[in-house]
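Single-letter residue listing:
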Amino acid sequence: ATSGAPVAEWVVGRQSPQTQETSRQSWAEAIRIVQADCGVQAEDVKIGPGGGFASKFQLVAAKAMKALRRQHAVRLVGHFAGYSAIEYCKETLGDAVYRRSSYTCWFLPERSCERTTSKNVSQKAQQALERMRAVKGGSQDETELYQAVEAHLFRINAPTLAEFEKRAKVVGIPSGTLAGDAEASHSRGHTEPLPMLFGVHARRGDKVNDAYNRYYTSRE
């Protein structure tokens, strides 16, 4: 601050990173409970138009959040355009699944129920839905809920991770680095901590005024 550099705010309300992470984990658990409850009515959320993959993903996460706040579980339909309209996805998922959505070509299923199979909603799911319904637009809760929805939808499946690991090996990064937790690394014979593999998408400044920026903090 004494150097004159801008001081980043953590979030609206200036929560600590630890408090913010705890809150996001709480929202993540609420989403998991709702999505796993086959008594909750599901709403189809279309993977619709947009720019690149990240843009499409942001848009579908926003629509999924709105569905949850309407007290519905989320079922994704549609395709990520050319990112999933490919023979690999068709062959991997089969015609019946692919016609509805190619989302699970890359990610874990967003919902454990194909359809609503029960008339009874669990108390935990009802409480989670009521909590989501009460979220006010523009609030810190909305920011954290949106980020938790993104995290839930961005759970990469095993074949995708395997493909990443294959590519990582080509450039000399140790196998198991992408597993994300010590248990998976140890199961591959690693005993020392492994470095993280991550990518950086350098933009030209065209996202400065992106509408979805309101869901992220200046530090992020």
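Peer 1: Please provide a residue-by-residue account of the overall build of the chain, values included.
Peer 2: A tally of helices and strands in the chain yields eight helices and two strands. Looking at the chain residue by residue over its 220 residues, the buried ones come to 35%. Counted over contacts in the chain with a minimum sequence separation of 6, partners at least 24 positions apart contribute 72%.

Peer 1: Go over the packing of helix H2 (residues 53–69) against helix H6 (residues 140–153), please, and point to the residues and values.
Peer 2: Where H2 meets H6, the closest approach of the two axes is 9 Å, and the angle between their N-to-C directions is 115°. Our pair here, H2 against H6, has a crossing hand that is right-handed. From H2, Phe57, Gln58, Val60, Ala61, Ala62, Ala64, Met65, Leu68 and Arg69 reach across to H6, where they touch Glu142, Leu145, Tyr146, Val149, Glu150 and Leu153. Taken together, the residues that form the contact of H2 with H6 break down as 11 nonpolar, one polar and three charged.

Peer 1: Tell me what's going on with the nonpolar core, and back it up with residues and numbers.
Peer 2: Counting 34 residues, the largest nonpolar core has Val34, Met132, Leu145, Val149 and Leu153 as the members making the most contacts within it. For this core, the elements supplying multiple residues, two or more each, are helix H1 (17–36), strand S1 (42–47), H2, strand S2 (73–78), helix H5 (123–133) and H6. Among the elements that line this core, the one with the most residues is H2, at eight residues. If sequence neighbours within four positions are ignored, Leu153 has contacts with Phe57, Val60, Ala61, Ala64, Leu76, Tyr103, Phe107 and Glu110.

Peer 1: Account for the state of the cysteines, naming residues and giving values.
Peer 2: Going through the model one piece at a time under the given rule, you end up with two disulfides. In this model Cys38 forms its disulfide with Cys113; the gap between the sulfur atoms is 1.9 Å. Taking the sign of the S-S torsion, -85° for the link of Cys38 and Cys113, the bridge is left-handed. With Cys38 in the loop between H1 and S1 and Cys113 in the loop between helix H4 (95–100) and H5, this residue pair connects regions lying 75 residues apart in the sequence. Cys38 gets classed as partly exposed once you look at its relative accessible area, which sits at 24%. One disulfide in the model links Cys89 with Cys105; its S-S distance is 2.1 Å. Between Cys89 and Cys105, the S-S torsion sits near -80°, and that sign places the bridge as left-handed. Highlighted residues: Cys89 in helix H3 (residues 87–93) and Cys105 in the loop between H4 and H5, separated in sequence by 16 residues. Here the two residues Cys89 and Cys105 agree in accessibility, since each one is buried. For the chain, numbering the cysteines in disulfides from first to last along the sequence yields the connectivity 1-4, 2-3.

Peer 1: Kindly report on the packing of aromatic side chains, identifying the contributing residues and their values.
Peer 2: Throughout the structure, instances matching the rule amount to 11 aromatic pairs. With centroids separated by 5.2 Å and ring planes inclined at 20°, the aromatic side chains of Tyr103 and Phe107 adopt a geometry described as stacked. Of the two residues, Tyr103 and Phe107, neither departs from the other in class, the shared state being buried. Three or more aromatic residues link up through ring pairs in this structure, and these residues are Phe53, Phe57, Phe80, Tyr83, Tyr103, Phe107 and Phe154. Above the ring of Trp27, the side-chain terminus of Arg131 is found at 3.6 Å from the ring centroid.

Peer 1: So what's going on with the pairing of S2? Residues and values would help.
Peer 2: Summarising burial for S2: six of the six residues are buried, a large majority. Two strands pair when backbone bridges link them, and S1 and S2 are joined in this way by six bridges, in the parallel orientation. Across the sheet, the residue bridging to Ala42 is Ala73, located in S2.

Peer 1: Explain the environment of Val60 to me, using residue names and the numbers behind them.
Peer 2: Checked against the element boundaries, Val60 lands in helix H2. Between the C-alpha atom of Val60 and that of Gly48, which follows or precedes it by 12 residues, the distance is 7.4 Å. Excluding residues within four positions of it along the chain, Val60 makes contact with Val45, Lys46, Ile47, Leu76 and Leu153.

Peer 1: Quick one: what's the story with the side chain of Arg111, residue by residue and with numbers?
Peer 2: Along the chain, Arg111 falls in the loop between H4 and H5. One buried charged residue, Arg111, remains without a salt bridge, the closest side chain of opposite sign being Asp37 at 6.4 Å. For Arg111, the side chain forms a polar contact with the main-chain oxygen of Val34, separated by 3.5 Å.

Calculation criteria
Residues numbered from 1 in each chain as written. Predicted model: local features only at pLDDT ≥ 70, side-chain atom pairs only at ≥ 80, totals over all residues. Heavy atoms only, no water. Helix = DSSP H or I, 4+ residues; strand = E, 2+ residues; numbered from the N terminus. Buried < 20%, exposed > 50% of the residue type's maximum accessible area, 1.4 Å probe, protein only. Contact = heavy atoms within 4.5 Å. Axes fitted to C-alpha atoms, helices over the stretch in contact; angles between N-to-C directions. Left-handed = near helix turned anticlockwise from the far one by under 90°. Nonpolar A, V, L, I, M, F, W, Y, C, P; charged D, E, K, R; others polar. Core = buried A, V, L, I, M, F, W, Y, C linked by side-chain atoms within 4.5 Å. Disulfide = S-S within 2.5 Å. Phe/Tyr/Trp six-rings, centres within 6.5 Å; stacked < 30°, edge-to-face > 60°. Lys NZ or Arg CZ within 6 Å of the ring centre and 35° of its normal. Pairing = 2+ DSSP bridges. Lys, Arg positive; Asp, Glu negative; His and termini not counted. Salt bridge = Lys/Arg side-chain N within 4 Å of Asp/Glu carboxyl O. Polar contact = N/O pair within 3.5 Å; in protein donor to acceptor, adjacent residues only side chain to side chain.

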